[in-house]
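Residue strings, one per chain:
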Amino acid sequence: FTVVVFGSSFAFSISLANHIPSTLALILGFLSLGEFFKHRLYRAVILLALCFYTHISVSWFFALSYIFYALLDRQSRDNSVKVVGYALLMALPILISQFFRLKFIQLAGNNTPGQFYLQIKIFDYILASFGLYLAVKMIPKYRLLISLFLASFIFLAYPHRFFTAEGYIPVILFSALTLQFIWEKLKEKRV
């Protein structure tokens, strides 16, 4: 269901194709989370650190996801904090460089293609709202989805990225959760 929702969003797919650094950072971030859940913390740290070297905001999206996950899962708290801490330590050279060049980064007024075009898919947001409800209702099972959702608000500074690009990931995941829920209910009625 995730692939179906992902494939139905043309703006999201185009965004991934046009913003290669953020796409690579998304891949590295999800790989980092995958290694974290396999308890391979060194790999998770390295992948998250590489994320910081790849894209300035997607890396913070994943770092915040780890932090929110630590708040929601007491058992993983120490490991989450370690992954973020060591990744920040490894990424310190690029973070220092970015800090001294902050004056060159603009949140608005630049002529980024697609900046003024938002594709807000009402049906997906309705599905995602119910998916968020399901995730909160079953919070131990869907802590990661909630963490990604909370972390996605980092993209609010770029509305086009929040609604149609990287910030759209939680909408995809929550919509897929709703579709899975509907599928399971239909299967129960059929049997």
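Refer to the structure above for everything that follows.
Everything in this summary refers to the structure shown in the same document. (Residues numbered from 1 in each chain as written. Predicted model: local features only at pLDDT ≥ 70, side-chain atom pairs only at ≥ 80, totals over all residues. Heavy atoms only, no water.)

## Thoughts on the overall build of the protein
Across its full length, the protein holds eleven helices and zero strands. When the elements of the protein are put in sequence order from the N terminus, they spell out α-α-α-α-α-α-α-α-α-α-α. Compactness check: the protein gives a C-alpha radius of gyration of 17 Å against a globular reference of 16 Å for 191 residues, within 12% of the reference. With the C-alpha coordinates aligned to their principal axes, the bounding extent of the protein is approximately 60 × 40 × 20 Å. The proportion of buried residues among the 191 residues of the protein is 40%. (Helix = DSSP H or I, 4+ residues; strand = E, 2+ residues; numbered from the N terminus. Rg over C-alpha atoms; globule rule 2.2 N^0.38 Å. Buried < 20%, exposed > 50% of the residue type's maximum accessible area, 1.4 Å probe, protein only.)

## Brief notes about helix H3 (residues 20-37)
Spanning 18 residues, H3 covers 26 Å between terminal C-alpha atoms, matching the ideal 26 Å at 1.5 Å per step. Inspection of H3 places Ser22, Thr23, Ala25, Leu26, Leu28, Gly29, Ser32, Leu33, Glu35 and Phe36 among the buried residues, and these make up the whole buried set. (Expected span 1.5 Å × (residues − 1).)

## Here we look at the nonpolar core
Grouped together as the largest cluster of nonpolar side chains are 42 residues, with contacts concentrated most on Leu48, Cys51, Val58, Phe62, Tyr66 and Val83. Among the secondary structure elements, those contributing two or more residues to this core are helix H2 (10-18), H3, helix H4 (41-54), helix H5 (58-72), helix H6 (77-90), helix H8 (122-137), helix H9 (143-151) and helix H11 (169-190). It is H4 that provides the largest number of residues to this core, a total of seven residues. Here tyrosine 66 is in contact with Ser32, Leu33, Phe36, Ala44, Leu48, Ser80, Val83 and Val84, once residues within four sequence places are set aside. (Core = buried A, V, L, I, M, F, W, Y, C linked by side-chain atoms within 4.5 Å. Contact = heavy atoms within 4.5 Å.)

## Re the packing of H9 against H11
Contact geometry of H9 with H11 gives a least axis separation of 9 Å together with a crossing angle of 145°. Classified by chirality, the crossing of H11 by H9 is left-handed. Residues Leu145, Ile146, Leu148 and Phe149 of H9 lie in contact with H11, whose contacting residues are Pro170, Leu173, Phe174 and Leu177. Residues of the contact of H9 with H11, tallied by class, amount to eight nonpolar, no polar and no charged. (Axes fitted to C-alpha atoms, helices over the stretch in contact; angles between N-to-C directions. Left-handed = near helix turned anticlockwise from the far one by under 90°. Nonpolar A, V, L, I, M, F, W, Y, C, P; charged D, E, K, R; others polar.)

## Describing the packing of aromatic side chains
Per the stated rule, a full pass over the model turns up 19 aromatic pairs. Judged by centre distance (5.3 Å) and plane angle (75°), the ring pair of phenylalanine 36 and phenylalanine 37 falls under edge-to-face. The exposure class of phenylalanine 36 is buried, given its relative accessible area of 4%. For phenylalanine 37, a relative accessible area of 36% corresponds to the partly exposed category. Considering the side-chain rings of phenylalanine 130 and tyrosine 133, the 5.8 Å spacing of their centres and the 35° angle between planes classify their relative orientation as tilted. Residue phenylalanine 130 and its partner tyrosine 133 are both found in helix H8; the two are separated by three residues, about one turn of the helix. Phenylalanine 130 gets classed as partly exposed once you look at its relative accessible area, which sits at 33%. (Phe/Tyr/Trp six-rings, centres within 6.5 Å; stacked < 30°, edge-to-face > 60°.)

## Examining the environment of leucine 71
Checked against the element boundaries, leucine 71 lands in helix H5. Leucine 71 sits ten residues away from valine 81 along the chain, and the two C-alpha atoms are 9.9 Å apart.

## Some details on the pattern of salt bridges
Within this structure, the stated rule accounts for five salt bridges. The salt bridge partner of glutamate 35 is arginine 43, with a shortest N-O separation of 3.7 Å. On the basis of relative accessibility, which here comes to 47%, the residue arginine 43 falls in the partly exposed class. The closest approach of N and O atoms between lysine 185 and glutamate 188, which form a salt bridge, is 3.9 Å. One end of the pair is lysine 185 and the other is glutamate 188, both in helix H11 and three residues apart, which spans about a single turn. (Salt bridge = Lys/Arg side-chain N within 4 Å of Asp/Glu carboxyl O.)

Purely geometric stuff here, so don't read any function into it on its own.
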